[in-house]
Amino acid sequence: MGATEGKRPWDGEVISVQPRTRLLRSFDERSHSYLGYVLHLRGTLDGEAREFAVAVGPAAQAKLEFRVGDRVSGLGVPVADPRTEIADLYRVSGLRVLVRGPDSASNPPPYLGIPPTLEVYRARGHRRLSATTYRSRCSSCLWGCEMPVEMIIDHWNPSKKRYRTEAFCYGPKSCPFYRPGPTRKVPGRRGMTWEEADWVDEQDTAHRGPDE
Ligand code: SF4
């Protein structure tokens, strides 16, 4: 099979670059995987005009420095399990920047420009972000992120899982757009529920000042 077989052509204008992460929850425990970046685009996917999202690796992001306003093209494979991905396409190849977006971003928030490395995101930590606020104000911000969440309901039977999406903010705690939204509830065995209280976010970002 050729390297491009089964791949869909796409091109479009980058409307955001955000980290591609996954969150695994098991009642009161959680762990993250930092996999790369998600380019949200407005353009054409397989000949159809639409908005879509493409997963790119950290090496591609470091080399091509995608940012809002770039016009980009490539090939990609439709994701096998949409419950575990924000992107529509992954295993991307043939990436090209056709037109470079503006150098300097307008007045933040939202924060545009080239996102930092995944190590920076991990080190900064995040706070939960209202899904409504994410959609209305943060979807273009490099500090915003939607994460696919896999929840192990019963650790004695780890195949019993549920999936959902949660939004988070890695940005400055003083950002005037920030709204936490309701606390996150995680289902467990025998109908039990874990509520992730505010102290979890406070602890995760305690090393940062309000404007960092
Ligand atoms: S709340 Fe967070 S994600 Fe939203 S604009 Fe502010 S820094 Fe960006």
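Notes on the structure in this doc start here. The residue numbering used here restarts from 1 in each chain and proceeds along that chain's sequence as written. The model is predicted, so local features are restricted to residues of pLDDT at least 70 and side-chain atom pairs to those at 80 or more, both for listing and for counting; the totals for chains, interfaces and linings are taken over all residues. In computing side-chain properties, one takes all heavy atoms of the structure into account and sets aside hydrogens as well as water.

1. Quick word on the overall build of the protein
- Helix and strand counts for the protein stand at four helices and ten strands.
- Dimensions of the protein, computed from the C-alpha atoms along their principal axes, are close to 50 × 45 × 25 Å.
- Accessible area is worked out with a 1.4 Å probe on protein chains only. A residue is then buried under 20% of its type maximum, exposed over 50%, and partly exposed in between. Buried residues in the protein amount to 45% of all 212 residues.
- Whether two residues are in contact is decided by their heavy atoms, any of which lying within 4.5 Å being enough. Sequence separation of at least 24 residues holds for 68% of the intrachain contacts in the protein that already meet a minimum separation of 6. Here a strand is any run of E in DSSP of at least two residues, a helix any run of H or I of at least four, and the numbering for each starts at the N terminus.

2. What to know about the pairing of strand β8 (residues 161-169)
- In this structure, strand β6 (residues 127-128) lies alongside β8, joined through two bridges in antiparallel fashion. When the sheet's bridge partners are listed, R128 is paired in β8 with F168.
- Strand pairing is assigned whenever DSSP detects at least two bridges linking the two strands. Pairing analysis gives nine bridges linking strand β7 (residues 144-152) to β8, with the strands arranged antiparallel. Each bridged residue has a counterpart across the sheet, and for E146 the counterpart in β8 is A167.

3. Topic: the nonpolar core
- Within the largest apolar cluster, 30 residues are counted, with the highest numbers of intra-cluster contacts made by W10, L41, V54, V56, F66, Y121 and Y170.
- Mapped onto this core, the elements with two or more residues apiece are β1 (8-26), β2 (29-45), β3 (48-56), α1 (58-64), α2 (118-124) and β7.
- Top element by residues in this core is β2. It accounts for five residues. Buried Ala, Val, Leu, Ile, Met, Phe, Trp, Tyr and Cys residues form a nonpolar core when they are joined through side-chain atoms within 4.5 Å.

4. Section: the pairing of β7
- For β7, a buried count of seven out of nine residues is recorded, marking the element as mostly surrounded by other parts of the structure.
- With three bridges connecting them, β1 and β7 associate as parallel partners. If you follow L24 over to β7, its bridge partner there is E150.

5. With respect to the packing of aromatic side chains
- Pairs were defined over the aromatic rings of Phe, Tyr and Trp, the Trp ring being its six-membered one, requiring ring centres within 6.5 Å. Orientation was assigned from the angle between planes: stacked under 30 degrees, edge-to-face over 60, tilted for the rest. Under the counting rule described, the total for this entry stands at five aromatic pairs.
- Judged by centre distance (5.6 Å) and plane angle (70 degrees), the rings of Y121 and W143 are edge-to-face. You can see Y121 sitting in helix α2 and its partner W143 sitting in the loop between α3 (131-138) and β7, a full 22 residues away along the chain.
- According to the relative accessible area criterion, Y121 is buried, its value standing at 0%.
- For the pair Y121 and Y170, a centre-to-centre distance of 5.1 Å together with 80 degrees between the ring planes defines the contact as edge-to-face. Of this pair, Y121 sits in helix α2 while Y170 sits in the loop between β8 and β9 (184-187); the two residues are 49 residues apart in sequence, bridging distant segments of the chain.
- By the ring-pair criterion, three or more aromatic residues cluster together here, those being Y34, Y121, W143 and Y170.

6. Section: the environment of K185
- Summarising the element assignment, K185 is placed in strand β9.
- Counting along the chain gives 158 residues from K185 to F27, while the straight-line C-alpha distance between them is 8.8 Å.
- Filtering out sequence-adjacent residues up to four positions away, K185 remains in contact with R164, T193, W194 and E195.
- Distance and chemistry together define a polar contact, namely a pair of N or O atoms within 3.5 Å, with one atom able to donate a hydrogen and the other to accept it when in protein, and with adjacent residues in sequence counting only for side-chain atoms on both sides. Separated by 2.9 Å, the side chains of K185 and T183 make a polar contact.

7. A look at unusual backbone geometry
- Note the cis peptide between P108 and P109, where omega equals -10 degrees.
- As for its placement among the helices and strands, P109 is situated in the loop between β5 (89-99) and α2.
- The step from P109 to P110 runs through a cis peptide bond, and the omega angle for that step is -5 degrees.
- Among the secondary structure elements, P110 is positioned in the loop between β5 and α2.
- Located in the positive-phi region is D46, a residue other than glycine, with phi close to 55 degrees.
- D46 sits in the partly exposed class, given a relative accessible area of 43%.

8. Description of α3
- Taken as a whole, α3 has its buried residues at T133, Y134 and C138. For α3, the buried positions fall inside an angular range of 105 degrees around the axis, keeping them on one side. Of the exposed residues in α3, those oriented more than 90 degrees away from the buried face are T132, R135 and S136.
- Next to the buried residues of α3 lie β1, β2, β7 and β8. The reported arc concerns the directions from the helix axis to the C-beta atoms and nothing else.

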